[in-house]
Amino acid sequence: MAEATLLGIAQDGGRPQPSCQKPCCMDVKPDEVAYPTSLGLSMSDESNHLFDATRNLGEQLKIWGENNPKHVWLTHAHFGHVDGLGLFGRETIGAKDIKLHVSQKMAELIHATPQWSLMLDQGVFEIIPFKTGDIIQFGTESIEPIIVPHRDELSDMHAFIIRGENKSLLYLPDHDTWEETLSSYGCKLIREWFDKLEIDTAFIDGTFWSQHELSGRLQSEVPHPPVSQTIAHLGTRLPSDVEIHFIHLNHTNPLYDKSSSAFRTVESMGWKVAVQGMKIKL
Ligand SMILES: [Zn+2]
Ligand SMILES: [Zn+2]
Ligand SMILES: [Zn+2]
């Protein structure tokens, strides 16, 4: 049976976020620290897969209990999802022949970035390119990349569906808007899209609680569907619904606080705020 371990629940900047002087980050206790979003997957054929490589790789491998993932999958090129790649190199882990699964655009960026391209020359990584809709088989289980619209200054963005023997899981840390994501799959409703993907559990983008969270910065610079909008669209969870856990929470997100009304609203409607370290058997 495959097992997924959620290795981080924070947006790219982590929690506390560097240089934030507001209450959201001033009083974060050691056991409340959240690492940027990343997922560890141990499959039945004993292959180990890391999704997104963050600068907290060391702490995250400890949470996972796995020292040498042989496969690394990247969703996209934004900083928090790739800034741990260098840790696999000579200065730190000194890994060899890690299969680096990336899209064609991401592969081009890796070749064009001197410090990453050097790691290819040194045999740390071997690039295995994927396309949206591919089904990459590991024994009886599989990983399927699917493209989703997200700011693509550097690369495109892929979510992943992991199909275990019993259950399927969607890992979707970032996307811009539900309108764009759903319409790119010919869907109008989130439920309709999830049905089409044939998934049971979803880790999805919960960056912001509301539209107004980024005071002083335009939300249009960093678009993400706010959780309040996602749950308004979904309504209360039905027994037949996918289990949703919100991930990729910005440091400003009130969902970090279990006593907030935002947190209580999400949970009372039957949805979940993800917990760092949680495991799901697939
Ligand atoms: Zn991100
Ligand atoms: Zn903060
Ligand atoms: Zn992003």
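Please refer to the structure placed before this passage.
Residues numbered from 1 in each chain as written. Chains lettered and ligands numbered in written order. Predicted model: local features only at pLDDT ≥ 70, side-chain atom pairs only at ≥ 80, totals over all residues. Heavy atoms only, no water.

**Here we look at the coordination of the zinc ion (ligand 2)**
Here is step 1 of the chain: Coordination of the zinc ion (ligand 2) by the protein comes from Cys 20 (SG), Cys 24 (SG), Cys 25 (SG) and His 251 (ND1), over a distance range of 2.1 to 2.4 Å.
Here is step 2 of the chain: One way to put it: the 4 donor atoms around the zinc ion (ligand 2) meet at angles of 103 to 123°, and that makes the site tetrahedral.
Here is step 3 of the chain: As a motif over one chain, the donors of the zinc ion (ligand 2) read C-x3-C-C-x225-H.
Here is step 4 of the chain: In this structure Cys 20 comes out as buried when scored by relative accessible area, which is 13%.
Here is step 5 of the chain: Residue classification places Cys 25 among the buried positions, given a relative accessible area of 8%. (Donors = N, O, S within 2.8 Å, 3.2 Å for Na, K, Ca; no water. Tetrahedral: all angles 85-135°; square planar, octahedral: opposite > 155°, others 65-115°. Buried < 20%, exposed > 50% of the residue type's maximum accessible area, 1.4 Å probe, protein only.)

**Here we look at the sheet that holds strand β5 (residues 98-103)**
Here is step 1 of the chain: Strands sit in the order β6-β5-β4-β3-β2-β1-β14 across an open sheet of 7 strands; the sheet is mixed. Two strands bound the open sheet, and with one partner strand each, they are β6 (125-130) and β14 (279-281). Geometrically, the sheet is characterised by an average inter-axis angle of 20° between neighbouring strands, direction not taken into account.
Here is step 2 of the chain: Bridge count for strand β2 (residues 38-42) against strand β3 (residues 48-51) is 4 bridges, and the pairing is antiparallel. Across the sheet, Leu 41 pairs through a bridge with His 49, a residue of β3.
Here is step 3 of the chain: Together, β1 (3-8), β2, β3 and β14 form the strand contacts of helix α2 (residues 57-64), whose direction differs from that of β1 by roughly 145°.
Here is step 4 of the chain: The strands that helix α4 (residues 104-112) touches are β5 and β6; relative to β5, the one it contacts most, it runs at about 120°. (Pairing = 2+ DSSP bridges. Helix = DSSP H or I, 4+ residues; strand = E, 2+ residues; numbered from the N terminus. Axes fitted to C-alpha atoms, helices over the stretch in contact; angles between N-to-C directions. Contact = heavy atoms within 4.5 Å.)

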